[in-house]
Amino acid sequence: MGKTVLVIAEQKDQKLRQVSLEALAAARQLAGDGGNIVSVLVGGHVDAAAEQLADHDQSQVVCVAADTLASYDAERYFAAVQPVVDEVKPDVVILGHTASGRDLAPKIACHLDAGQVSDVVAIEGTGAEVTFKRPIYAGKAFETKRFLAGPWVVTIRPNNLQADAKTGAAAPIVKRPYADPAPIRTQVVNVQSKSGDTRDLTEAKVVVSGGRGVRSAEGFAPLAELAELLDGALGASRAACDAGYCDYSLQIGQTGKVVTPDVYIACGISGAIQHLAGMSQSKLIIAINKDGEAPIFDIADYGVVGDLFEIIPKLTAKLREKIA
Ligand code: FAD
């Protein structure tokens, strides 16, 4: 018999986040034959994202929308999903391992008295034999876990599982009313975006990242041009952020964001262990560094020893030629 799986989907700027389609694919694997998948989407205005989600085969897409849900807020979002959790009675709940998913998952696990496995990068097997692989020690090792009892709560790292491909389904969209529970103890007063780029670094397929070797804020311009050409996002080492070359929202590493793009281009980054913690799981790593002994080359699939200010413009020009 299959499992009932609840996907807690997310949207950004009224668009469904890619990680939610990855969660849906994971849900399909975990639900098994005869299983049942329900998604829930919470936010200020969720109609557009709900339609995107409903295009994927599942029992229903539940929407909980209200002005007070426009920004993520732990108390409100939990209050919004809790009735759905109680009604669906899921065997498994899946969320993206995102800022809000990480916050919401343990609340749901606590409510269900469930076990939780976080930051999953691979799911293997079916039925009771399913195992979950997750990085530990800042990506230096992996552990494989399995649940001994249900329900299960799982968060998946963006960009690691295949996104769901079962489209064209027109699943029913069910709208649920929402009212703030009382008392509400905190309120988001303002959200100020620090970086002008709205592209989500953790979901980008290509990341062009700059380190201290970029030397200045202006030095990031050729990297930004390359990133844009490849429809990717800009990232940075902590040294580059500390030096004021770019905003901390771009920092990748142990104390920054964790990314697993298809292609990671490290420019003028030495490859300190704290930086590797945030990018070593990238599918293809290209390093450009003028020091042939830089440790980044130990984990790079392709390495170019040379000056990034000569190499990047040439690379961008060549790619432009190819694309044109
Ligand atoms: P550097 O190590 O100074 O390397 C610069 C590189 O640029 C050199 O290899 C040089 O050869 C190359 N270079 C210079 N000019 C050029 C050129 N023209 N062309 C090509 N190459 C050139 N770091 C992070 O990145 N993320 C984190 O989250 C993070 N967290 C940390 C947490 C803690 C607790 C600590 C102690 C440190 C943390 N760090 C983190 C800092 C980390 O240890 C390194 O200091 C940092 O990653 C170094 O950044 P970098 O590689 O840009 O600079």
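Per an unreviewed UniProt entry, the chain is named Electron transfer flavoprotein alpha subunit apoprotein, and its organism is Alicyclobacillus sacchari. According to the UniProt record, the Sequence similarities (unreviewed entry) comment for the chain is "Belongs to the ETF alpha-subunit/FixB family."

Undergrad: Got a minute to help me understand the nonpolar core in this structure?
TA: For soluble globular proteins, the rule of thumb is that nonpolar side chains tend to be buried together. Within the largest apolar cluster, 34 residues are counted, with the highest numbers of intra-cluster contacts made by Leu30, Ile94 and Phe132. For this core, the secondary structure elements donating two or more residues are strand 1 (4-9), helix 1 (18-31), strand 4 (36-43), helix 2 (47-54), strand 5 (60-65), strand 6 (92-96), strand 7 (115-120) and strand 11 (152-156). For this core, the element with the most residues is helix 1, which contributes eight residues. With sequence-adjacent residues up to four places away left out, Ile94 is seen in contact with Val5, Leu6, Val7, Ile8, Ala23, Ala26, Ala27, Leu30, Val154 and Ile156. Core analysis: the next-biggest nonpolar cluster, separate from the first, contains 27 residues, Val62, Ala80, Val93 and Ala105 among them.

Undergrad: Hey, could you run me through the sheet that holds strand 14 (residues 233-236) in this one?
TA: The strands that make up a sheet are held in pairs by hydrogen bonds between backbone atoms, and each pair lies either parallel or antiparallel. Here five strands make up an open sheet; going across it, the order is 14-13-15-16-17 and the pairing parallel. Two strands bound the open sheet, and with one partner strand each, they are strand 14 and strand 17 (302-305). Averaged over all adjacent pairs, the angle separating strand axes in this sheet is 15°, with direction ignored. Of the pairings in the sheet, the one linking strand 16 (residues 284-289) to strand 17 comprises four bridges and is parallel in character. Pairing of Asn289 across the sheet is with Val305, part of strand 17. Strands in contact with helix 5 (residues 221-229) are strand 13 (206-210), strand 14 and strand 15 (263-267); relative to strand 13, the strand with the most contacts, it is inclined by about 175°. Sheet strands in contact with helix 9 (residues 308-323) are strand 15, strand 16 and strand 17, and its direction is about 135° off that of strand 16.

So, how was this worked out
- Residues numbered from 1 in each chain as written.
- Predicted model: local features only at pLDDT ≥ 70, side-chain atom pairs only at ≥ 80, totals over all residues.
- Heavy atoms only, no water.
- UniProt positions renumbered as here; feature names shortened; annotations may be inferred.
- Core = buried A, V, L, I, M, F, W, Y, C linked by side-chain atoms within 4.5 Å.
- Buried < 20%, exposed > 50% of the residue type's maximum accessible area, 1.4 Å probe, protein only.
- Helix = DSSP H or I, 4+ residues; strand = E, 2+ residues; numbered from the N terminus.
- Contact = heavy atoms within 4.5 Å.
- Pairing = 2+ DSSP bridges.
- Axes fitted to C-alpha atoms, helices over the stretch in contact; angles between N-to-C directions.

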